[in-house]
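# Topology and contacts: notes
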Amino acid sequence: MHTSLALLLELGVILVGLSVLGAAARRWSFSPVPLYLLAGLALGNGGIAPVPAAGAFVEVGASIGVVLLLLTLGLEFNTAELTHSLRRHVPSAALDLVLNATPGLIAGWLLGLPWPGVLALAGATWVSSSGIISRLLGDLRRLGNRETPAVLAILVMEDFAMAMYLPVLVVLASGGSWWQALIGVVIAIASVTAAFTASHRWGHHVNRWLAHPDDEQLMLRVLGTTLVVAALAELVSVSAAVGAFLVGLTLTGATAERARAVLAPLRDLFAAAFFLAIGFAVSPAQLLPALPAASALALAGILTKIATGWYAARRDGIAPRGRLRAGTALIARGEFSIVIMSLAGATSPELGPVVTAYVLLLATIGPLITRWSSDWLSPRRPRGLKSS
């Protein structure tokens, strides 16, 4: 009974606090994500006001949160649009890999990490946070912008690449052989290809089954199906986010619009848990020694992601302001970097503080830069003229 009381009290205080932070963020017209991350840092282990009873709920809620964020992002698009965008942006994905993994490789070598640690740090600096960025695009009302398909193509290809990268990292970190890593890659590629093909060819059947005139039935069917697909994706070493995104792609038209509406409150609740969980994973006492290396990597990561987004948006014929918006939208790192750190942490203990500090810096600074980037290339108005 005392545990239940503590859980209810801590969750209540957390939700009220998040509402205050969210209202403040809306008041100043920026995303509440950075404030949620800082709140997680303050409430996690080693923070100024730990909430141990609520920690388990936040951890479970975070897993659901990233699934719902990617599901609702997938509802904004369809497989035909995505397929066209992916084909166009293969060179963008290659540039993304080279520009963003290289700083991690160099830093891992300079820090004297073993080979699995070097590979892990390269992955942590390479991949953006689909969860944070999808929420950010919605908060800033940019889902309909012309540069957004380029951003989405980069995120999706990174998530697909993680399906091949993570099995290799797991095998190397555990001391396995090259053929075990190769088997994991083959299974991951086959699973992703099969899932994407099924979504593209038979998605209309799924769309027909999930559609229902009653909102409650629609919510239960879509959410249940998404969680099952996400679990199956994890079972074959593919990200749950990829599975959720593919489910979102299968829903189109009025069904997709209604699904977005009924799932929005759930998404916002569990997305807040996801952002809190990133802060929970960081112990403030471990951050200070790692800040110099993490700050240097973060500066490099900002510049390389801006270059990646700029190039990708230029391939779509987007103007310079849109290119800058695309680049800054890709800055935030998050869930995958934390997963990578946890997989290789046993072989490289010094990796943890650097990656967590790096993620916290970019997950906090990235949304702020994204918010302000729209004004950087705005045409200057002569003094004395009022905006229309």
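Residues numbered from 1 in each chain as written. Predicted model: local features only at pLDDT ≥ 70, side-chain atom pairs only at ≥ 80, totals over all residues. Heavy atoms only, no water.

## Observations regarding the packing of helix H3 (residues 52-74) against helix H7 (residues 130-139)
Angle between the axes and distance between the axes: these two values describe a pair of packed helices. The geometry of H3 relative to H7 is characterised by a closest axis approach of 9 Å and an angle of 50 degrees between their N-to-C directions. In terms of orientation, H3 lies oblique with respect to H7. Here the hand of the crossing between H3 and H7 comes out left-handed. Where H3 abuts H7, its residues Val-66, Leu-69, Leu-70 and Leu-73 lie against Ser-130, Gly-131, Ser-134 and Arg-135. Taken together, the residues of the contact of H3 with H7 break down into 4 nonpolar, 3 polar and 1 charged. (Axes fitted to C-alpha atoms, helices over the stretch in contact; angles between N-to-C directions. Helix = DSSP H or I, 4+ residues; strand = E, 2+ residues; numbered from the N terminus. Parallel < 35°, antiparallel > 145°, perpendicular 65-115°, else oblique. Left-handed = near helix turned anticlockwise from the far one by under 90°. Contact = heavy atoms within 4.5 Å. Nonpolar A, V, L, I, M, F, W, Y, C, P; charged D, E, K, R; others polar.)

## With respect to the UniProt feature "transmembrane region" (unreviewed entry) in the protein chain
The UniProt feature table records "transmembrane region" (unreviewed entry) at residues 48-73, 93-112, 118-138, 150-172, 178-198, 269-287, 324-345 and 351-373. Structurally, residues 118-138 is divided into 86% helix and 0% strand, and its ends, taken at the C-alpha atoms, are 34 Å apart. End C-alpha to end C-alpha, residues 351-373 measures 31 Å, and it is 100% helix and 0% strand. (UniProt positions renumbered as here; feature names shortened; annotations may be inferred.)

## Topic: a nonpolar patch on the surface
Residues Trp-178, Trp-179, Leu-182, Ile-183, Val-186 and Ile-187 make up a contiguous nonpolar surface patch of roughly 670 Å² in combined accessible area. Topologically, Leu-182 is positioned in helix H9 (residues 178-210). A relative accessible area of 45% means that Leu-182 is categorised as partly exposed. (Patch = residues over 30% accessible without salt bridge, like charges linked within 9 Å, V, L, I, M, F, W, Y side chains within 5 Å. Areas by Shrake-Rupley, 256 points an atom, 1.4 Å probe, with all protein chains shown as cover. Salt bridge = Lys/Arg side-chain N within 4 Å of Asp/Glu carboxyl O. Buried < 20%, exposed > 50% of the residue type's maximum accessible area, 1.4 Å probe, protein only.)

## A look at the pattern of salt bridges
For the coordinates displayed, the defined rule picks out 7 salt bridges. In this structure, the salt-bridge partner of Arg-88 is Asp-316, at a minimum N-O distance of 3.3 Å. With a gap of 228 residues between them, Arg-88 in helix H4 (residues 79-88) and Asp-316 in the loop between helix H13 (284-315) and helix H14 (320-329) connect regions that are remote in the sequence. Judged by relative accessible area, which is 33%, Arg-88 ranks as partly exposed. Across the salt bridge formed by Asp-96 and Lys-305, the nearest N and O atoms sit 2.9 Å from each other. Within this pair, whereas Asp-96 is found in helix H5 (residues 90-110), its partner Lys-305 is found in helix H13, the two being separated by 209 residues in sequence. For Asp-96, a relative accessible area of 1% corresponds to the buried category. Residue class for Lys-305 comes out buried when judged on its relative accessible area of 0%. Each of the salt bridges in this network shares a partner with another, and the network as a whole consists of Asp-96, Glu-158 and Lys-305.

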